Amino acid sequence: MNFFIKKKKYFVEYGLYLLAFFSPFQTRFIFSYGLEGQGLWEYDNISLYAIDILLVLLLSVFCLLSFNKIKDFFIEKGKIPVFVWLLAILDLIVFLSIFVSQNKIVSSYRYVLFLFGIFLFILMVKANFSRLKFFYSLLAGMFFQSILGIFQFFNQHAPSFKIFGISAHRPEDLGTSVVESVDNFGLGTRWLRAYGGMDHPNILGGFLVIGLILTISLFVYSSDKKRQEEKEKKFKNYFVFNYLIYLFLLTALFFTFSRSAWLAFFLSGVILLFLFFIKKKKNDFKILFKILF
């Protein structure tokens, strides 16, 4: 019996790592296509994503193993925490919005996804897993997206990969996100922006900014002198790996040509520098300054 419980715990732990890695992928089965006017309307699509199936399996196993932990999330020392009340109010607002929606079926579907988000939050708070491994699993997925985005820009064509849920994009097609320029002969040129596996370059840009901030935090974490003394060789490898991830994510961010994402990354760096400066964390300030500039 203990053997099976241990196996299920491993399933939850490594399932979370897989969920982090596959979170950017858009692999799905579309049950119902949304229509608006003469064409397809993405916002009214009803789909089952591959990561939804994985999440349901993880939640099911976790509920069987750790029901008391879920109970403790909602009731702490005989009282319901304030944030749970706030979460309940938000849930009620989202639920009631179904009844005033023009498309109640789609709204109900979105409400189920909202509930998935709440239970994923509970799973992240209460499950036993390595945060460091989870972050690197997430970064591995981002690393793949960055390579894909860089390839798309230099190839100037984004081929479709049905298994990854990636659509084809060509710069000559109307509606494709491009950067327009004029060559020496006065002719217009359309350059395809990096999509990665996302629906739009701006989405990839925002996703990569999160990855870059996360990588910076790992730089700071791995540069801690005490940790370096304990596992010097291991953290040297981490440092090299972090630089590699940072380089590819930053390059892909540039090729998204998402000005809002560029601005978000710049402001995030300035805010972090300011926080390290006022908290007198000189070593962290120096590391961040070198990374940014």
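Keep in mind that this is a model prediction, so the values were computed, not measured.

A.B. asks: Break down the overall build of the chain for me, citing the residues and quoting the values.
C.D. replies: If you tally the helices and strands in the chain, you get 11 helices and six strands. With respect to the principal axes defined by its C-alpha atoms, the chain has extents near 75 × 60 × 40 Å. By residue count, 36% of the 293 residues in the chain fall in the buried class. In the chain, once contacts between residues fewer than 6 apart in sequence are set aside, the share between residues at least 24 apart is 60%. Carbon and sulfur atoms make up 68% of the accessible area of the chain, which amounts to about 18600 Å² in all. Seen as two clouds, the 32 positive and the 18 negative side-chain charges of the chain have centres 11 Å apart.

A.B. asks: I'd like a description of helix 5 (residues 104-126), backed by residues and values.
C.D. replies: Residue pairs three or four apart in sequence face the same way in an α-helix, which turns once every 3.6 residues. In this model helix 5 runs 33 Å from its N-terminal to its C-terminal C-alpha over 23 residues, within 8% of the 33 Å that 1.5 Å per residue would give. Residues of helix 5 that are buried: Val106, Ser107, Tyr109, Tyr111, Ile118, Ile122 and Leu123. By the N-cap criterion, in which a side-chain oxygen at the helix start approaches the backbone nitrogen of a residue two or three places on, helix 5 is capped by Asn103, the distance to Ile105 being 3.4 Å.

A.B. asks: Account for the nonpolar core, naming residues and giving values.
C.D. replies: Leu16, Leu123 and Leu139 are the most contacted members of the largest nonpolar core, which has 52 residues in total. Leave out the neighbours within four places in its chain, and Leu123 touches Val12, Leu16, Leu58, Leu59, Phe62 and Phe129.

A.B. asks: An account of the pattern of salt bridges is needed here, citing residue identities and associated values.
C.D. replies: In this structure the tally under the stated criterion is two salt bridges. One salt bridge in this structure joins Arg170 and Asp173, with 3.9 Å as the shortest N-O distance. Residue classification places Asp173 among the partly exposed residues on the basis of a relative accessible area of 31%. Notably, a salt bridge pairs Arg190 with Glu180, separated by 3.4 Å at the nearest N-O pair.

A.B. asks: Which residues make up the environment of Val178, and what values do they have?
C.D. replies: As for its placement among the helices and strands, Val178 is situated in strand 5 (residues 178-182). Val178 sits 13 residues away from Trp191 along the chain, and the two C-alpha atoms are 5.2 Å apart. Setting aside its immediate chain neighbours within four residues, Val178 contacts Pro171, Arg190, Trp191, Leu192 and Arg193.

A.B. asks: Report on unusual backbone geometry, specifying residues and quantitative values.
C.D. replies: When glycine is set aside, most residues are seen to have a negative phi, and most peptide bonds are trans. In the Ramachandran plot, Gln156 falls in the positive-phi region, its phi being about 55 degrees despite a non-glycine side chain. Mapped onto the elements of the fold, Gln156 is located in the loop between helix 6 (131-155) and strand 5. For Gln156, a relative accessible area of 18% gives the class buried. Positive phi, close to 50 degrees, is recorded for Phe257, a residue that is not glycine. On the secondary structure map, Phe257 appears in the loop between helix 9 (232-256) and helix 10 (259-278).

A.B. asks: Outline the environment of Leu18, supporting the account with residue identities and numerical values.
C.D. replies: Considering the arrangement of structural elements, one finds Leu18 in helix 1 (residues 2-22). Leu18 sits 120 residues away from Leu138 along the chain, and the two C-alpha atoms are 8.6 Å apart.

A.B. asks: Give me a positive patch on the surface: which residues, what numbers.
C.D. replies: Taken together, the side chains of Lys280, Lys282, Lys286 and Lys290 make up a positively charged region of the molecular surface. By secondary structure assignment, the location of Lys282 is in helix 11 (residues 282-292). With relative accessibility at 65%, the residue Lys282 sits in the exposed group.

A.B. asks: Give a description of the layout of surface pockets that names residues and reports values.
C.D. replies: Computed from the structure, the largest pocket encloses a volume of approximately 740 Å³. What lines the largest pocket is a set of 24 residues, among which Gln26, Tyr49, Ile51, Arg110 and Leu113 lie closest to the centre. Only strand 4 (46-49), helix 2 (50-65), helix 5 and helix 7 (201-222) provide two or more residues apiece to the lining of the largest pocket. For the lining of the largest pocket, the element with the most residues is helix 5, which contributes six residues. Tallied by class, the residues present in the lining of the largest pocket amount to 14 nonpolar, five polar and five charged.

A.B. asks: Explain the packing of aromatic side chains to me, and be specific about the residues and the numbers.
C.D. replies: This model, assessed by the stated rule, comprises 25 aromatic pairs. Judged by centre distance (5.4 Å) and plane angle (55 degrees), the ring pair of Phe22 and Phe25 falls under tilted. Assessed through its relative accessible area of 7%, Phe25 is described here as buried. Ring centres of Phe153 and Trp191 lie 6.1 Å apart, and the angle between their planes is 25 degrees; this geometry places the pair in the stacked category. With a gap of 38 residues between them, Phe153 in helix 6 and Trp191 in strand 6 (residues 188-192) connect regions that are remote in the sequence. A residue is classified by how much of its surface remains accessible, and Phe153, at 11% relative accessible area, is buried. Members of the aromatic cluster, joined through ring pairs, are Phe153, Phe154, Trp191, Phe254, Phe255, Phe257 and Trp262. Positioned over the ring face of Phe129 is Arg131, at 4.1 Å from the centre of the ring.

About the thresholds
Residues numbered from 1 in each chain as written. Predicted model: local features only at pLDDT ≥ 70, side-chain atom pairs only at ≥ 80, totals over all residues. Heavy atoms only, no water. Helix = DSSP H or I, 4+ residues; strand = E, 2+ residues; numbered from the N terminus. Buried < 20%, exposed > 50% of the residue type's maximum accessible area, 1.4 Å probe, protein only. Contact = heavy atoms within 4.5 Å. Areas by Shrake-Rupley, 256 points an atom, 1.4 Å probe, with all protein chains shown as cover. Lys, Arg positive; Asp, Glu negative; His and termini not counted. Charge placed at Lys NZ, Arg CZ, Asp CG, Glu CD. Expected span 1.5 Å × (residues − 1). Polar contact = N/O pair within 3.5 Å; in protein donor to acceptor, adjacent residues only side chain to side chain. Core = buried A, V, L, I, M, F, W, Y, C linked by side-chain atoms within 4.5 Å. Salt bridge = Lys/Arg side-chain N within 4 Å of Asp/Glu carboxyl O. Patch = residues over 30% accessible without salt bridge, like charges linked within 9 Å, V, L, I, M, F, W, Y side chains within 5 Å. 1 Å grid on protein atoms, 1.4 Å probe; cavity = no way out; pocket = protein on both sides within 12 Å on 5 of 7 lines; lining within 4 Å. Points joined across faces, edges and corners; volume = space filled by probe spheres on them. Nonpolar A, V, L, I, M, F, W, Y, C, P; charged D, E, K, R; others polar. Phe/Tyr/Trp six-rings, centres within 6.5 Å; stacked < 30°, edge-to-face > 60°. Lys NZ or Arg CZ within 6 Å of the ring centre and 35° of its normal.

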